[in-house]
Amino acid sequence: MRRIGTVLTAAVVTTVAAIGLAGCSAGSSASSDSTAPATDKVIKVGALTPGNTNDGAFNQSLADALEKLKDEGLIDYELRDQMSDPAESEPVIADFASQGYDLIIGHGIELGDAVFSVAGDFPDVHFTASGGPDILEKYTDNVETWTYDTPQVGYLSGYIAGVTGASPIGRVESMELDFVKATDAFFQQGVTAANPSAEFLPVVYAGSFDDAQAAAAATTGLVGQGAKLVYTTGDGIATGVGSAAAEAGVLSVGVSSAAGEAALANNVSTVDLDMYPIVKAWVEEVANGDFGGKGVTSTLQNGGIVYAPINDVDGAVPSDAAKKVEDVIAGITDGTVTIG
């Protein structure tokens, strides 16, 4: 589903200029309207991710967006991955800024402090910082902030799990952070909306976004407790969840493409990010000279949140599941389905 192209583990050069959806004011979702950029200048982008860009999930969503924009002849970029340590990421961000990069993207909650630390010293360079919903209010004149709609991601993932009829349901999460716990709460709400009789096993935390081995062990433990479906929020741990669930013959939701075909065979669907419209908006703003002073949220409405087609897992998933999921997405989009 995703491709890396020429992205390397430490650095890559690729490309961007601008168009896309305009960023919204803090706390709101981005608009899908697009206007032509004011200049043909190719935008030079420096980007950092906390994890591996071949994870098939959060980190790769940025890599894919940059590569697509590069293929369109719109940007030049350099991407550094595995930058979760601020002691390593802050010098890289400062180096990008001192080299005259037009736009520097910090993709991940681990990079926020480093971005803001450097941005104050380079007022003419454009930066982005990501985090939980509270990040939206922290924008500055040269830093735009980004998050994704946690309620939508959690609720839709839960609804997909619920329409399968599988119960009990286990959950393997990364770390016990506020936004992770919030996603799980909305997941449970979505499950209950689709299947009020569904039972939940206690959530298990892998203690990391990327420890696939710990996630696999947690999944095996949940299956031993009777789980018929195991959900994960993705990132590197999804590989472990997917492989263990498939080996045990139980359903999964949230497994990334990086887990491989065998794991995906038992995965019903995954709600994921598409960073392309968001990054394209930032590039457009840089080109048009109106970047900064706002935050943006990825949503189903603006195409920043997407999901994989429903997999019937050889008939284990009811035939009307895909239609029900489409209906609930329509309801979320038009406001007839209330989350929270």
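Predicted model, so just to flag it, every value in this text is computed and none were measured.

What counts, and at which threshold
Residues numbered from 1 in each chain as written. Predicted model: local features only at pLDDT ≥ 70, side-chain atom pairs only at ≥ 80, totals over all residues. Heavy atoms only, no water. Helix = DSSP H or I, 4+ residues; strand = E, 2+ residues; numbered from the N terminus. Expected span 1.5 Å × (residues − 1). Buried < 20%, exposed > 50% of the residue type's maximum accessible area, 1.4 Å probe, protein only. Arc of directions from axis to C-beta. Contact = heavy atoms within 4.5 Å. Polar contact = N/O pair within 3.5 Å; in protein donor to acceptor, adjacent residues only side chain to side chain. Pairing = 2+ DSSP bridges. Phe/Tyr/Trp six-rings, centres within 6.5 Å; stacked < 30°, edge-to-face > 60°. 1 Å grid on protein atoms, 1.4 Å probe; cavity = no way out; pocket = protein on both sides within 12 Å on 5 of 7 lines; lining within 4 Å. Points joined across faces, edges and corners; volume = space filled by probe spheres on them. Nonpolar A, V, L, I, M, F, W, Y, C, P; charged D, E, K, R; others polar. Salt bridge = Lys/Arg side-chain N within 4 Å of Asp/Glu carboxyl O.

With 13 residues, helix α6 (residues 212-224) extends 18 Å from end C-alpha to end C-alpha; this agrees with the ideal 18 Å at 1.5 Å per step. All of the buried residues along α6 are Ala215, Ala216, Ala218, Thr219 and Leu222. Seen end-on, α6 carries its buried residues on one side only, within an arc spanning 165 degrees. Residues Gln213, Ala217, Thr220 and Gly224 are exposed on α6 and point more than 90 degrees away from its buried face. Along its buried surface, α6 packs onto β7 (169-173), β8 (204-205), β9 (229-232) and α7 (237-248). The N-cap residue of α6 is Asp211: its side-chain oxygen and the backbone nitrogen of Gln213 are 3.3 Å apart.

Take the sheet that holds strand β10 (residues 251-253) next. As summarised here, the arrangement of the four strands in space is β8-β7-β9-β10, forming an open sheet in which the pairing is parallel. Single-partner strands in this sheet number two, and they are β8 and β10. One ladder, built from three bridges, connects β9 with β10; its direction is parallel. In the sheet register, Leu229 faces β10, and the bridge partner there is Leu251.

To continue, consider the packing of aromatic side chains. What the rule picks out here adds up to four aromatic pairs. Both rings, one in Phe96 and one in Tyr101, keep their centres 4.8 Å apart while their planes meet at 50 degrees; by these two values the pair is tilted. For the pair formed by Phe96 and Tyr101, the shared burial category is buried. Measuring from centroid to centroid gives 4.0 Å for Phe187 and Tyr231, while their planes differ by 5 degrees, and the two rings are stacked.

Our next topic: the environment of Val92. Here Val92 shows up in helix α2 (residues 86-98). Given a relative accessible area of 11%, Val92 falls into the buried group. The sequence separation of Val92 and Gly46 amounts to 46 residues, and the corresponding C-alpha distance is 9.2 Å. Sequence-distant contacts of Val92, that is, excluding residues within four places in its chain, are made with Leu48, Arg80 and Met83.

If you add up the space inside the largest pocket, you get close to 610 Å³. As for the largest pocket, its lining consists of 37 residues, and the residues nearest its centre are Phe58, Tyr148, Phe179, Phe209 and Asp235. Counting residues per element, the ones that place at least two in the lining of the largest pocket are α1 (58-71), β6 (143-148), α4 (150-163), α5 (178-194), β9 and β11 (271-273). Taken together, the residues of the lining of the largest pocket break down into 15 nonpolar, 18 polar and four charged.

All right, on to the side chain of Ser256 then. Summarising the element assignment, Ser256 is placed in the loop between β10 and α8 (261-264). There is a polar contact of 3.0 Å between the side chain of Ser256 and the backbone oxygen of Asp55.

This part is about the pattern of salt bridges. The full count for this structure, using the stated rule, is 10 salt bridges. Notably, a salt bridge pairs Lys294 with Glu144, separated by 3.5 Å at the nearest N-O pair. In this pair, Lys294 sits in the loop between α9 (276-288) and β12 (295-298) while Glu144 sits in strand β6, placing the two residues 150 residues apart along the sequence. Taking the relative accessible area as the measure of exposure, Glu144 reaches 0% and is therefore buried. Put simply, Lys324 and Asp320 hold a salt bridge, and the shortest N to O gap is 3.5 Å. Residue class for Lys324 comes out partly exposed when judged on its relative accessible area of 37%. You can call Asp320 partly exposed: its relative accessible area is 34%. One salt-bridge network, held together by shared partners, links Glu67, Lys70 and Asp71.

In this section: unusual backbone geometry. Residues Ser167 and Pro168 are joined by a peptide bond in cis, for which omega reads 0 degrees. Looking at the secondary structure, you find Pro168 in the loop between α4 and β7. A positive phi angle, near 50 degrees, is found at Val313, a position not held by glycine. In this structure Val313 comes out as buried when scored by relative accessible area, which is 10%. We note that Asp314 has phi near 55 degrees; this positive angle belongs to a residue other than glycine. Looking at where Asp314 falls in the secondary structure, it is placed in the loop between β13 (305-307) and α10 (321-334). A relative accessible area of 82% places Asp314 in the exposed class.

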